[in-house]
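# Summary of the model geometry
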Amino acid sequence: MAPPAIAVTGMGCISAAGATLAAYEQTVAGTPPGCAPVPKWLFDTAFTFPVFMARKDPLSPRARQILAANGLGLTEDTVHRTVLLALEAAVQALDQAGLQPEGIRDKRVGFSLGTTVGCGFNAESYYAAWRQGKRPDLAPVLAYYHANISATVQALLGLQGPVAVVTNACASGTDAIGLAKGWLETDRCDLVLAGGADGMSRITCNGFSSLLLADAQPCRPYDVSRKGLNLGEGAGILCLEKEQGARRRNAPLCGYVRGYGAGSDAYHPTAPHPQGVGMVIAINKALATAAKTIQDISFINGHGTGTAANDLAETTALATVFGRQQVPLISTKPLTGHTLGAAGGLEAVFTLAALRQGRVKGSVRCLDIDPALPYKPLPEHAEAELTGPYGISQSLAFGGGNGCLILEAVHE
Amino acid sequence: MNEVSVVASALVADLDFSGAPHLLRGLRRADPFIQLATLAAHGVLEQSSILDHCQPAEVGIYLGTTTGPLQTNFDFLDTLFDDGEGQASPTLFSHAVHNAAAGYVSRLFKLQGMAQTITLNGWPFLAALLEAKTALAGGALSYAVVLGVEESCPLLDEAAGRLAGGQPRLPQRGAVAWLLAGGHQAGLLLGEIVVDEVYSGEEHLLLRHQETFSATLDLPLLPPGPLAPCFSVTHALQRVAAGSGQGSWQAEAPFGRARCTFGPQKKQ
């Protein structure tokens, strides 16, 4: 028996490119957001590379109301910024799906969210004191357990169902959506909020700086002058349901998650395989599970970080799979920065948004395509009509992980 | 849906490479978390011939952990505090990422299927088992190495001791691995897996004093901690495999319940 179709009934997103999906679409149509050094209100750092920040206060009035009403003793001061970003995106996704948390308390609502920063111990001042032999109040240690974004956001919304935090580095959001697809296909829950979230972190800033992967200028994925990535923060979450259930309640359909595949490079702790072998495996598996061919794909939202190795490996993989067929490829990271565990969630939302509009603009700041790239992206000043409803959103990660989603848009 | 069997299992309680010295070269920069994962993966792969005949993309890795390589996170912070911003260790940063261990296992054993790392407060190894079973049952993979890895962290051990009003908790580190196979393979059939976590007070997650285990056959007593369910369910599996060929294991705690059933034994 064929598995049930997995419908997307709601999408939520918050990033430097906009605090909602509508705001993101305005950004795409208008002026790209700026990036700047980490603001003082977040943390003090000597890290001077520009980053892409979501708004200072990530919560909408509705999300703030939900946080204020929780009976768990959690406040904006006791949960990590990653949780706030995830809560905001989850509330948006539920709202678009026509659902309120109070109305689905009798359902099995799974949470499959990816993160990197969110699962770390971010209370630096506690550790600084502790390693000097002091024994500060334990509150930051206890708060560390609220860094599990799936369990915490689910609890804040008062919902019950399976939870998982996918910690596959930069592919976490994509893989979390793939995991959620499996949950629905095997009837482990009635709906799932799936995607990813990550807040800006001093640890991460210094980590990428130490790896010499951060660009001092705004990032330029696929451009010959690219020098690296800019970090970003945000959250992107899909509300997923079995199509039959969604239709039964007359839910709005944004699209479908048709396929998912993953593959490993088995090559290096941080660098992608030069031939993109894991990415090739991931794309081919995703196409197979979607029962689609490359001829069905009309759009590719690439990982496109702007590092030399990533963009080369990714386009090499695409050339291997797509051959001479040239499907529009862009990166949205010039609008959001690299949001790490959130990237796969945000980019799944952006992919469906582009597919629903039926056209896409080229990668911002990709002015002079790197001639060494075997697969050519759509440059900044180009636009493309999309020829069908199916698109790819893909992610590469530290550790050699690669994930690929095949998404189908339902046109409004 | 395919049946899923447990082909092999392994427990690793310390970093003893005497049985696998050839792994050390590839692990010279690796932290204990990665080393534990690699030893456990080696423990199950050496019991099987799958690497001789299986396509690399057909073997996946699923790793469950509660806190990941948290001590490596702190080691990275040490370099940040002591050496200053701009001087932090890139190696420690890349190894502090939770999926670094799965990446090492993938690279050292040439496994190119899905590499999924799941972080959960309660029973991440059971969650990883469930995801691997789903992938195998649906035919997405032929084999999966499923790992449960926990590394000791002095900061958490001290906090646990202080919270309990006593001395720091004794350090615990270790890993378990199960090699799962889809289709008609020899081994103990993997039955129902339930992971039902509920939101709970942080003290329950840190101390885990009220977590209990039960199984068809007697289990060894284990000190409380995130490693205990990994070892407990693996002991249960091994006793069932050595005995009647059928049984179950269950955990209950303030943060939910988990359950796993095995059997019957299948022979080729």
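Residues numbered from 1 in each chain as written. Chains lettered and ligands numbered in written order. Predicted model: local features only at pLDDT ≥ 70, side-chain atom pairs only at ≥ 80, totals over all residues.

A count of helices and strands for chain B gives nine helices and nine strands. The globule rule puts the C-alpha radius of gyration for 268 residues at 18 Å, and the 18 Å found for chain B is close to it. Projected onto its principal axes, the C-alpha coordinates of chain B cover approximately 60 × 40 × 35 Å. Taken over 268 residues, chain B has a buried fraction of 56%. Of the contacts made within chain B by residues no fewer than 6 positions apart, 74% connect residues no fewer than 24 positions apart. (Helix = DSSP H or I, 4+ residues; strand = E, 2+ residues; numbered from the N terminus. Rg over C-alpha atoms; globule rule 2.2 N^0.38 Å. Buried ≥ 20, exposed ≤ 12 C-beta atoms within 10 Å, placed from the backbone. Contact = placed C-beta atoms within 7 Å.)

This brings us to the interface of chain B and chain A. With 48 residues of chain B at the interface, the matching set in chain A holds 50 residues. Elements with a contribution of two residues or more to the side of chain B that touches chain A: helix 3 (70–83), helix 4 (90–96), helix 5 (100–109), strand 3 (115–119), helix 6 (124–137), helix 7 (154–163) and helix 8 (202–207) of chain B. When residues of the side of chain B that touches chain A are assigned to their parent elements, the largest contribution, seven residues, is made by helix 3 of chain B.

Turning our attention to the pairing of strand 6 (residues 187–197) of chain B. Residue and element names in this part refer to chain B. Two elements, strand 1 (residues 4–12) and strand 6, share two bridges in a ladder whose sense is antiparallel. Following the sheet pairing, Ser5 is matched in strand 6 by Leu189. Sheet topology places strand 6 next to strand 9 (residues 256–266); eight bridges connect them, and they run antiparallel. The partner of Asp196 across the bridge, within strand 9, is Arg257. (Pairing = 2+ DSSP bridges.)

With that settled, the discussion passes to the domain arrangement of chain A. Residues and elements named next belong to chain A. Taken domain by domain, chain A consists of domain 1 (6–255) and domain 2 (258–409). Relative placement of domain 1 and domain 2: their C-alpha centres are 21 Å apart. Classifying every residue of the side of domain 1 that touches domain 2 by side-chain character gives 33 nonpolar, 21 polar and nine charged. (Domains from an automatic or database assignment. Nonpolar A, V, L, I, M, F, W, Y, C, P; charged D, E, K, R; others polar.)

Residues Ala86(A), Leu240(A), Ala37(B), Val145(B), Ala177(B) and Leu180(B) are the most contacted members of the largest nonpolar core, which totals 236 residues. Among the elements that make up this core, the one with the highest residue count is helix 3 (residues 81–96) of chain A (10 residues). Taken domain by domain, the makeup of this core includes at least three residues from each of domain 1 (6–255) and domain 2 (258–409) of chain A. (Core = buried A, V, L, I, M, F, W, Y, C linked by C-beta atoms within 7 Å.)

Now for the environment of Gly400(A). As for its position among the elements, Gly400(A) is in the loop between strand 13 (390–396) and strand 14 (401–409). For the pair Gly400(A) and Cys239(A), spaced 161 residues apart in sequence, the C-alpha separation works out to 28 Å. Residues within four places of Gly400(A) in sequence aside, it is in contact with Ser264(A), Asp265(A), Ala266(A), Tyr267(A), His268(A), His273(A), Gly278(A), Gly103(B), Ser106(B) and Arg107(B).

All names here are of chain A. In the contact formed by helix 3 and helix 6 (residues 149–156), the axes pass within 10 Å of each other and the chain directions differ by 55°. The orientation of helix 3 relative to helix 6 falls into the category oblique. Seen from above, helix 3 lies across helix 6 with right-handed handedness. Contact with helix 3, carried on its side by Thr82, Val83, Ala86, Leu87 and Ala90, involves Ile149, Thr152, Val153 and Leu156 of helix 6 and no other residues of that element. Tallied by class, residues from the contact of helix 3 with helix 6 come to seven nonpolar, two polar and no charged. (Axes fitted to C-alpha atoms, helices over the stretch in contact; angles between N-to-C directions. Parallel < 35°, antiparallel > 145°, perpendicular 65-115°, else oblique. Left-handed = near helix turned anticlockwise from the far one by under 90°.)

Turning to helix 2 (residues 61–69) of chain A, a few remarks are in order. Residue and element names in this part refer to chain A. Looking only at helix 2, the buried set comprises Ala63, Ile66 and Leu67. The buried residues of helix 2 occupy an angular sector of 100° when projected down its axis, which confines them to one face. What points out from helix 2, more than 90 degrees from its buried face, is the exposed set Pro61, Gln65, Ala68 and Ala69. On the buried face of helix 2, the contacting elements are helix 3 and helix 6. (Arc of directions from axis to C-beta.)

Residue Pro264(B) is bonded to the preceding Gly263(B) through a cis peptide linkage, with omega at 5°. Along the chain, Pro264(B) falls in strand 9. Within the chain, Ala169(A) stands out as a residue other than glycine whose phi angle is a positive 55°. Here Ala169(A) shows up in the loop between strand 4 (163–166) and helix 7 (172–185). Given 29 C-beta atoms within 10 Å, Ala169(A) falls into the buried group. Even without a glycine there, the phi angle at Tyr222(A) is positive, about 70°. As for its position among the elements, Tyr222(A) is in the loop between helix 8 (202–210) and strand 6 (231–232).

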